[in-house]
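# Analysis of the macromolecular model
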Amino acid sequence: MIDRNNISSRKREHLKIAVSNNAKYQELTTGFENYRFVHCSLPEINFSDVYVATEFLGYNLSCPMIINPISGGEKNGKALNRDLAKIAARQKVALSLGSIRPALENTKTLETYQVVVDHTKNVPLIGNIGCLQLKNLDKYDQIFSIFEKLQADAISVHLNPLQEVLQPEGGTNFEGILESLEKFINNSDLPVIVKEVGFGMSSQVIQRLLDIGCEWIDISGSGGTNWARIEAKRITKAEERAVAREFGEWGISTAQSLINAHEYKKSRLIASGGLDSGIQFAKALALGADLGGIAGSVLRGWDENGAAGVDNLIENYRKVLKICLFSTGIRNIQDFCYNSDIIKEIE
Ligand SMILES: Cc1cc2nc3c(=O)[nH]c(=O)nc-3n(C[C@H](O)[C@H](O)[C@H](O)COP(=O)(O)O)c2cc1C
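Vacant regions in the atomic arrangement are exposed by a probe of water-molecule size rolled over the atoms. This structure, assessed with the given rule, holds two cavities of 30 Å³ or more. Taken as a whole, the largest cavity spans an internal volume of roughly 690 Å³. Lining the largest cavity are 43 residues, and of these P69, I70, Q163, V197 and W227 sit closest to its centre. Looking at the lining of the largest cavity, the elements that each hand over two or more residues are α1 (7-18), β5 (94-99), β6 (125-130), α5 (131-134), α7 (161-166), β11 (291-294) and α14 (296-327). No other element matches the six residues that α1 contributes to the lining of the largest cavity. Looking at the lining of the largest cavity residue by residue, the class counts come to 13 nonpolar, 21 polar and nine charged. One number sums up the size of the second largest cavity: a volume of about 50 Å³. Lining the second largest cavity are I66, N68, P69, S96, I126, S156, I193, K195, D218 and I270.

Here you go:
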């Protein structure tokens, strides 16, 4: 029997639905198919000299990749988080944990996140919380103390108004969110990343986040996981389900969200949302992202083939990225990211 008001039960349902293809956009795409790399037949580079390694939050990464927030707070989340931490350490990529909201409501669930700590000493670990959980708080002691226990290197805060408004148990008062975000950023000793959850960001939203001093933004665009579809699967009342389904193709694509950020370049950008292949990962970087985030594809890889499935996925993305550098005549990842000479919109 599912207890709908219990956040851990809800997280378990989300995980179960998210692994199915029903959780993905069916028509709206990432927009990356509208861009092609400019092939270079004369790279003048030894492939073995091509470097995709980078630095993030003071750590060396094998490539600019974050495993984006997926899990924590429910039973299965413990095994998943432990595996993801070991994978992140093996592959030298950053790891972001799922929202700590369940741990705020029930401290026993903290262990589902803490399992990562022994494994993530040499890679960046990012803690996550929803913007609604920050609202109306005078102090953030409880939140900061959880992130301290997790030895987090940064905190990401998710903006998910559409998901919340469609979710049967969701919060719907987003008045004052920007002000509370600003306060949180000013109070945090750790860098703060503000992220969407797969509906993308307009230039106006990006501008407003930069205006309050937001250091990192994950535009998390549409084309991959779709939360309207996930919530629709959970809704039991037919009328409410029909409403949620109407938003199954809503959002700003990942490519368009990156373009929206172009005028603010010098902001530090993460791109996620439907990076379901190595080429899409590479295109996101060339179009302006400093790092690419993957969630749905990681979850599906883990569900199908366990940790080996995720290891294979990351190795494939890294190899494809390296070949993209070679085939566009670029030696270092720093020259590849945000480079309009090597990627063009199809006329
Ligand atoms: C099962 C699942 C749980 C998620 N939980 C969180 C979360 O707790 N916090 C968050 O910021 N994003 C969460 N996300 C959103 C992802 O981090 C990501 O922004 C979004 O799914 C788009 O990326 P994708 O298309 O690669 O899945 C979750 C995604 C999935 C699939």
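Picking up after the structure, the text goes on.
This part is about the sheet that holds strand β8 (residues 192-195). One closed barrel accounts for eight strands, arranged β4-β5-β6-β7-β8-β9-β10-β11; its pairing is parallel. Taking the axes of each pair of neighbouring strands and ignoring which way they run, one obtains an average angle of 25° across the sheet. Where strand β4 (residues 65-67) meets β11, three bridges bridge the pair, whose relative direction is parallel. By the bridge assignment for β11, I66 is matched with G293. Its contacts with the sheet put α14 on β4 and β11, and the angle it makes with β11 is roughly 155°.

What follows is about the packing of α1 against helix α10 (residues 227-234). Here α1 crosses α10 at 115°, and the two axes come no closer than 10 Å. Of the possible angle classes, the one that applies to α1 and α10 is roughly perpendicular. Like other packed secondary-structure pairs, α1 and α10 cross with a definite hand, here right-handed. Contacts between α1 and α10 involve R10, E13, H14, I17 and A18 from the first element and W227, I230, E231, K233 and R234 from the second.

Around the ligand there are 23 residues in total, and N128, S220, T225, G274 and G296 lie nearest to it. Contacts to the ligand include T225, whose side-chain N or O atom sits 2.5 Å from an oxygen atom. Between the ligand and G274, the relevant distance is 2.8 Å, taken from an oxygen atom to a main-chain nitrogen or oxygen of the residue. Expressed as a share of its isolated accessible area of 600 Å², the protein-covered part of the ligand is 97%.

Where charged atoms of side chains with opposite charge meet at close range, the side chains can pair. Evaluated as defined, the whole model comprises twelve salt bridges. The closest approach of N and O atoms between E111 and K78, which form a salt bridge, is 3.3 Å. Linking E111 in helix α4 (residues 111-114) with K78 in helix α2 (residues 75-91), this pair joins segments that are 33 residues apart in sequence. With a relative accessible area of 44%, E111 lands in the partly exposed category. R234 is the partner of E231 in a salt bridge, and the nearest nitrogen-oxygen pair spans 2.7 Å. Of this pair, E231 and R234 are both found in helix α10, three residues apart, which corresponds to roughly one turn of the helix. For the pair shown, E231 and R234 are each scored as buried. If you follow the salt bridges from partner to partner, you end up with R10, E13, E169, E231 and R234 in one network.

Right, let's talk about the nonpolar core for a bit. If you look at the biggest cluster of nonpolar residues, it comprises 98 residues, and the most contacted ones within it are I67, L95, V157, L181, L258, L321 and F336. Sort the elements by how many residues they give to this core and α14 lands first, with nine residues. With residues near it in sequence (within four places) discarded, V157 still touches N128, I129, G130, C131, L134, L181, F184, V192, I193, V194 and K195. Listed in part, the ten residues of the second largest apolar core include F56, L61, A94 and I270.

Burial along β8 is two-sided: the face carrying V192 and V194 and the face carrying I193 and K195 are both buried. Two strands pair when backbone bridges link them, and strand β7 (residues 154-158) and β8 are joined in this way by four bridges, in the parallel orientation. Bridge pairing in β8 places V157 opposite V194. As judged from the three bridges shared by β8 and strand β9 (residues 216-218), these two strands associate in the parallel manner. Note on β9: the bridge partner recorded for V194 is I217. A crossover connection joins β8 to the parallel β9 through helix α9 (residues 203-211); in handedness this β-α-β unit is right-handed.

The buried fraction of β5 is high, at six of six residues. Sheet analysis places β4 next to β5, joined by two bridges and oriented parallel. Residue I67 lies in a different strand from β5, and its bridge partner there is L95. For the crossover that starts at β4, traverses α2 and ends in the parallel β5, the hand is right-handed. Of the pairings in the sheet, the one linking β5 to β6 comprises three bridges and is parallel in character. Bridging across to β6, S99 finds its partner in N128.

Conventions adopted
Residues numbered from 1 in each chain as written. Predicted model: local features only at pLDDT ≥ 70, side-chain atom pairs only at ≥ 80, totals over all residues. Heavy atoms only, no water. 1 Å grid on protein atoms, 1.4 Å probe; cavity = no way out; pocket = protein on both sides within 12 Å on 5 of 7 lines; lining within 4 Å. Points joined across faces, edges and corners; volume = space filled by probe spheres on them. Helix = DSSP H or I, 4+ residues; strand = E, 2+ residues; numbered from the N terminus. Nonpolar A, V, L, I, M, F, W, Y, C, P; charged D, E, K, R; others polar. Pairing = 2+ DSSP bridges. Axes fitted to C-alpha atoms, helices over the stretch in contact; angles between N-to-C directions. Contact = heavy atoms within 4.5 Å. Parallel < 35°, antiparallel > 145°, perpendicular 65-115°, else oblique. Left-handed = near helix turned anticlockwise from the far one by under 90°. Near = heavy atom within 4 Å. Polar contact = N/O pair within 3.5 Å; in protein donor to acceptor, adjacent residues only side chain to side chain. Areas by Shrake-Rupley, 256 points an atom, 1.4 Å probe, with all protein chains shown as cover. Salt bridge = Lys/Arg side-chain N within 4 Å of Asp/Glu carboxyl O. Buried < 20%, exposed > 50% of the residue type's maximum accessible area, 1.4 Å probe, protein only. Core = buried A, V, L, I, M, F, W, Y, C linked by side-chain atoms within 4.5 Å. Right-handed = clockwise from strand over helix to strand, strands pointing away.

Such coordinate-based values are descriptive only and should not be taken to indicate function.
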